[in-house]
Amino acid sequence: MPRTAAEWNERPHFPRTHYVDARIYTDWDIFREEREKIFARTWILACHESELAKPYDYRTFRHPAGQTLVIVRGDDDKVRAFFNICSHRGSTLVNAPAGNARTLTCAFHAWTFDCRGDCTGISRRKEGFQERLESARVGLRAVRIERGPGGFYWVKLEDEGVSLLDYLAGALGVLEPYLAEPLEIFHYQKVRLRANYKLWHDTNSEFYHDFVHYFNRVTGMQQPGYFGRKYETYPNGHASVGSMRVRYDQYQGGTDRIGWPGLEPGGWFLVDLFPGMTFNLRTSVLRIDTAVPLAPNEVVVELRGLGLRSDTSAQRALRIRDHNAIWGPFGRNLHEDFLAVTGQGVSLRDDWTDARWLLHGREETNTIHDEVGMRHFYAEWSRLMGRSASDPFVDGSAE
Amino acid sequence: MRSAVEELVYRSCLLLDEHDFGGFLALCTDDFRYTVEAFSPEIRKNMIWLDHDKAGMKSLFETLPRHFSDPSPVTRHVTVYTVTFDTDGPRAAVVSALQVFRTALDGGTTSLFAVGKLYDTVVMTDGRVALAKRVLRLATRDLGIGSHVPL
């Protein structure tokens, strides 16, 4: 039965853990607070080691808290991260998204820095600064960086706090047996979407939306084992989804996939990491999503596809084929996910929402269509924000 | 002959605009191959984003109605730059500029979707020209919500 305006605004008859206030996706104050209380304080995946294969390779990364970083492999093979800004006048130090440079030179006034973050050159220093400025006092701003499972580099803006290992809290444990071999990136795409970053992560955190994917329905939902896939939750808001045997041959033109060392044929594990990263190992390809919010209703999703560094060219071509079939820009599933989430972004838009509550209320003993992954995320979100996701402004509206 | 080659390229885009996929495939040789590529400055690699033979393209087109796709019409604007005929065979290499525009179904606002270049191989047999190979090299890499239909 259609509802009146008053009825539309009534709180759902669910526990408060089982729905969220739609304003958490649209409110600017909440967005700014997320940058400060969540993104600036948690570990964020920045890039893969194969993007920095050689000494002096660098890679820039726009951090979800707003800063731009440059990540550099040093002459000592150590990978370091810095703010991508010159210590002099704050100009962008490195403009290309990746490259190789023994010296990072600011084009503005020709100050130079080495791969360890030391300032190595101040143009016309003696003439202008005399002895009043020491190079040691104008090094780059270092950012904590650690290498995680699979060779991914993670960064944390705070100098203090938990290690990456403690932050991951075992969530990548289900994948670690398959991340032992060196990996190599073959696909990278940045996609700007009109949607809140949490809506993208929500989509990665629930499989109920397989109804939007014809491919997943015929190769997964209609196959044995699908409804037995289980969610596991971990500290710090992370969750994983167990595997099944996906039947790729059930899709028109589909063929068996090349597979992955140690993974059962057709196997598929997924791990969602708070606050916006997803590891998705699907039979022959590892996909990594990183959500970088730009505004309440705007997110850049970084999409990576990886295979094994040991791949022959023929094996790599098959992995790329498998990746593109569903996850490429012309793939079957990615477009559908983007349509679904930007459809949410139409009603939950800039500083306004037509939707009032979003339900996360499915309980199916933590199996594949249970929404426990999202509930677990919002429990952590509420803890870090000091606000309930279902009552963020404590507006006292009736239960 | 150049005008026949140019018309083939233009016609291929018109047919894709109209979702006349059978008509598009009829312009192609049996060993036709279609590839979409893009270079990523971020990972400093060439990327293959789509790579199908004719059977793969046919299957891709046939499954479209079962999928949830953006219904916005897409318009391809193509300009043939160069046509280079083989000296020792009935083939030509064609380089064209491609711009693709998307027009919103609701309201009709048109926006630029992608730019790139088409590198086509055209064969001429029995007075007929046919598309033997198409490589679309995209300059645009942020394709927003993307597309189920190759450009």
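Residues numbered from 1 in each chain as written. Chains lettered and ligands numbered in written order. Predicted model: local features only at pLDDT ≥ 70, side-chain atom pairs only at ≥ 80, totals over all residues.

**Some details on the domain arrangement of chain A**
All names here are of chain A.
So, point 1. Taken domain by domain, chain A comprises domain 1 (44-164) and domain 2 (175-385).
So, point 2. Taking only C-alpha atoms, the centre of domain 1 and the centre of domain 2 are 31 Å apart.
So, point 3. On the side of domain 2, 16 residues touch domain 1, which itself brings nine residues to the contact.
So, point 4. Of the residues that constitute the side of domain 1 that touches domain 2, the class distribution is three nonpolar, four polar and two charged. (Domains from an automatic or database assignment. Contact = placed C-beta atoms within 7 Å. Nonpolar A, V, L, I, M, F, W, Y, C, P; charged D, E, K, R; others polar.)

**Structural notes on the nonpolar core**
All names here are of chain A.
So, point 1. Ranked by size, the top nonpolar core spans 129 residues in total, and within it A46, L69, I71, W154 and W200 carry the most contacts.
So, point 2. Looking at this core, the element that brings in the most residues is strand β12 (residues 183-193), giving six residues.
So, point 3. When residues of this core are sorted by domain, at least three fall in each of domain 1 (44-164) and domain 2 (175-385).
So, point 4. Apart from the residues lying within four places of it in its own chain, the contact partners of L69 are A46, T60, F61, H63, A81, F82, F83, N84, V143 and V155. (Core = buried A, V, L, I, M, F, W, Y, C linked by C-beta atoms within 7 Å. Buried ≥ 20, exposed ≤ 12 C-beta atoms within 10 Å, placed from the backbone. Helix = DSSP H or I, 4+ residues; strand = E, 2+ residues; numbered from the N terminus.)

**Thoughts on helix α1 (residues 2-17) of chain B**
Residue and element names in this part refer to chain B.
So, point 1. Taking 1.5 Å as the rise per residue, α1 with 16 residues should run 22 Å; its terminal C-alpha atoms sit 23 Å apart, in good agreement.
So, point 2. The set of residues buried in α1 consists of V5, L8, V9 and S12. The arc that holds every buried residue of α1, seen down its axis, measures 90°, which confines them to one face.
So, point 3. Lining the buried residues of α1 we find α2 (21-26), β3 (74-85), β4 (91-103), β5 (110-125) and β6 (128-138).
So, point 4. Positive phi shows up at H19, right after α1, with a value of about 55°. (Expected span 1.5 Å × (residues − 1). Arc of directions from axis to C-beta.)

**Some words on the interface of chain B and chain A**
Accessible area lost during the coming together of the parts is what is often quoted as the interface size.
So, point 1. Listed as interface residues are 30 residues of chain B and, on the opposing side, 29 residues of chain A.
So, point 2. Counted by class, the side of chain B that touches chain A contains eleven nonpolar, ten polar and nine charged residues.

**A few points about the packing of helix α5 (residues 197-205) of chain A against helix α9 (residues 372-385) of chain A**
Residues and elements named next belong to chain A.
So, point 1. Across the interface, α5 lies against α9 with an axial gap of 8 Å and an inter-helix angle of 140°. One way to sum up the angle between α5 and α9 is to call them oblique. Read as a crossing pair, α5 and α9 show a hand that is right-handed. Seen from α5, the contacting residues are H201, D202 and S205; seen from α9, they are G373, M374 and F377.
So, point 2. A per-class count over the contact of α5 with α9 returns two nonpolar, three polar and one charged. (Axes fitted to C-alpha atoms, helices over the stretch in contact; angles between N-to-C directions. Parallel < 35°, antiparallel > 145°, perpendicular 65-115°, else oblique. Left-handed = near helix turned anticlockwise from the far one by under 90°.)

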